[in-house]
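# Structural overview
In case you want the letters, here they are:
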Amino acid sequence: MAATIAPRLAMLRLLALDGNVTRAAAVLGVPQPTVSRWLAALAAEVGAPVVVKDGRGVRLTRVGQLLASAASAAMGPLESGARQALEEIDPEKGRVVLGFLHMLGRSLVPELLRAFRFRHPRVRFGLIQSSRAEIIARMRSGEVDLAFYSPPPDEPELAWAPVQRQEIKLVLPDTHRLARRSRVEVRELADEDFVGLERGFGMRQITDDMCAAAGFTPRLSFEGQETDTVRGLVSSGLGVAILPEAELPTPGLVEISLTPQASRVVALVWPAHDQLTPAVRAFRDFSAAQTS
């Protein structure tokens, strides 16, 4: 029965407010006889009249009032959802859910958001900072619209564009035996304790791959989720790390180029089907243009 009466609930809601069948029909965009037929069909469905004559108009019966009350309760969230849907397809009012690695929250992401919001001040953002693996999973589920991470994806359902290239360096305490070198070969680190990011982070995969190519498996003493934490542990003398070059020098640390030289590409990633809302597409295109 709910499927039958649902299209007619808006009619009851209007009649509860006004009681005029002609005006209700005009608001609904249907002929007045159609409203009369809906009222008769609705009464037949529930087994009791939903309106009675009241002077030149109508008023709802007790049954009609109950249905109108239910209609108001149901249509409130529906109207709110409709407004949100309209905002979602408006490039000036929509919402963008952006996923990114923790370290990109220092400058790249804030600078892009600031510049974009200057042009599109009503666009809203949801920000998700996590590992590369988690961000990819959330994008596949539809929870994340766009993402910044490294290395770029190799999944066919994801498209990407390069936005930044970062040199990978060896991070050491300034008291370490290698701290005064200008360059260090990766194979020289085989006996070192490492501090690194957890599995699932792109930088951890890069570290493991570089060490494997040099003929050893890194001995991880500590694993974390943020490069700032890793640098803090290195500064405390708890190990060495392989990380992207820092934007600013860190007291107590030195960063040394590696042989073979390494770098990573930070990618702007989106679903390959490209069925993006206008706001998401606008931010994607803006970001790609700003970083190209």
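Figured I'd write up the structure that's included with this text. (Residues numbered from 1 in each chain as written. Predicted model: local features only at pLDDT ≥ 70, side-chain atom pairs only at ≥ 80, totals over all residues. Heavy atoms only, no water.)

### Let's talk about empty space enclosed by the protein
Vacant regions in the atomic arrangement are exposed by a probe of water-molecule size rolled over the atoms. To be explicit about the condition: Throughout, the protein atoms alone are placed on a 1 Å grid, and a set of points is a cavity if a 1.4 Å probe fits but cannot get out or a pocket if it is open with protein on both sides within 12 Å along at least five of seven lines; lining residues have an atom within 4 Å of a point. Grid points are joined across faces, edges and corners, and a volume is the space filled by probe spheres set on the points. The classification used treats Ala, Val, Leu, Ile, Met, Phe, Trp, Tyr, Cys and Pro as nonpolar, Asp, Glu, Lys and Arg as charged, and all other residues, Gly among them, as polar. In this description a helix means any DSSP run of H or I spanning at least four residues, a strand means any run of E spanning at least two, and both kinds are numbered starting from the N terminus.
With the rule as written, the count across this model stands at 2 cavities of 30 Å³ or more. Taken together, Leu101, His102, Met103, Leu197, Phe201, Gly202, Met203, Gln225, Thr227 and Arg264 form the lining of the largest cavity. Here the lining of the largest cavity is built from residues that sort into 5 nonpolar, 4 polar and 1 charged. By volume, the second largest cavity amounts to about 60 Å³. Every residue along the wall of the second largest cavity is listed here: Phe194, Val195, Gly196, Leu197, Met203, Arg204, Thr207, Leu220, Ile242 and Leu243. Of all the secondary-structure elements, those providing two or more residues to the lining of the second largest cavity are strand E8 (193-197), helix H8 (202-213) and strand E10 (241-244). No other element matches E8, which puts 4 residues into the lining of the second largest cavity. Taken together, the residues that form the lining of the second largest cavity break down as 7 nonpolar, 2 polar and 1 charged.

### Observations concerning the pattern of salt bridges
For the record, the criterion: For this document, the term salt bridge refers to a Lys or Arg side-chain nitrogen within 4 Å of an Asp or Glu carboxyl oxygen.
Inspection of every chain in the model, using the stated rule, returns 15 salt bridges. Note that Glu255 is salt-bridged to Arg231, the shortest N-O span being 3.0 Å. Of this pair, Glu255 sits in strand E11 (residues 253-271) while Arg231 sits in helix H9 (residues 227-235), and the two are 24 residues apart along the sequence.

### Considering unusual backbone geometry
For the bond running from Ser150 to Pro151, omega is -5°, close enough to zero to count as cis. Relative to the helices and strands, Pro151 is located in the loop between strand E5 (146-149) and strand E6 (158-173). A cis amide bond links Thr259 with the next residue in sequence, Pro260, at an omega value of 0°. Its place among the elements puts Pro260 in strand E11.

### Quick word on the pairing of strand E9 (residues 219-224)
Under the convention used in this document: By definition, two strands form a pair when at least two bridges between them are found by DSSP. Think of it like this: strands point away, you trace from the first strand over the helix to the second, and a clockwise trace means the crossover is right-handed.
In the sheet, E8 pairs with E9 via 5 bridges, with the strands oriented parallel. Across the sheet, the residue bridging to Val195 is Phe222, located in E9. You can see the chain leave E8, run along H8 and come back into E9, and the turn it takes is right-handed.

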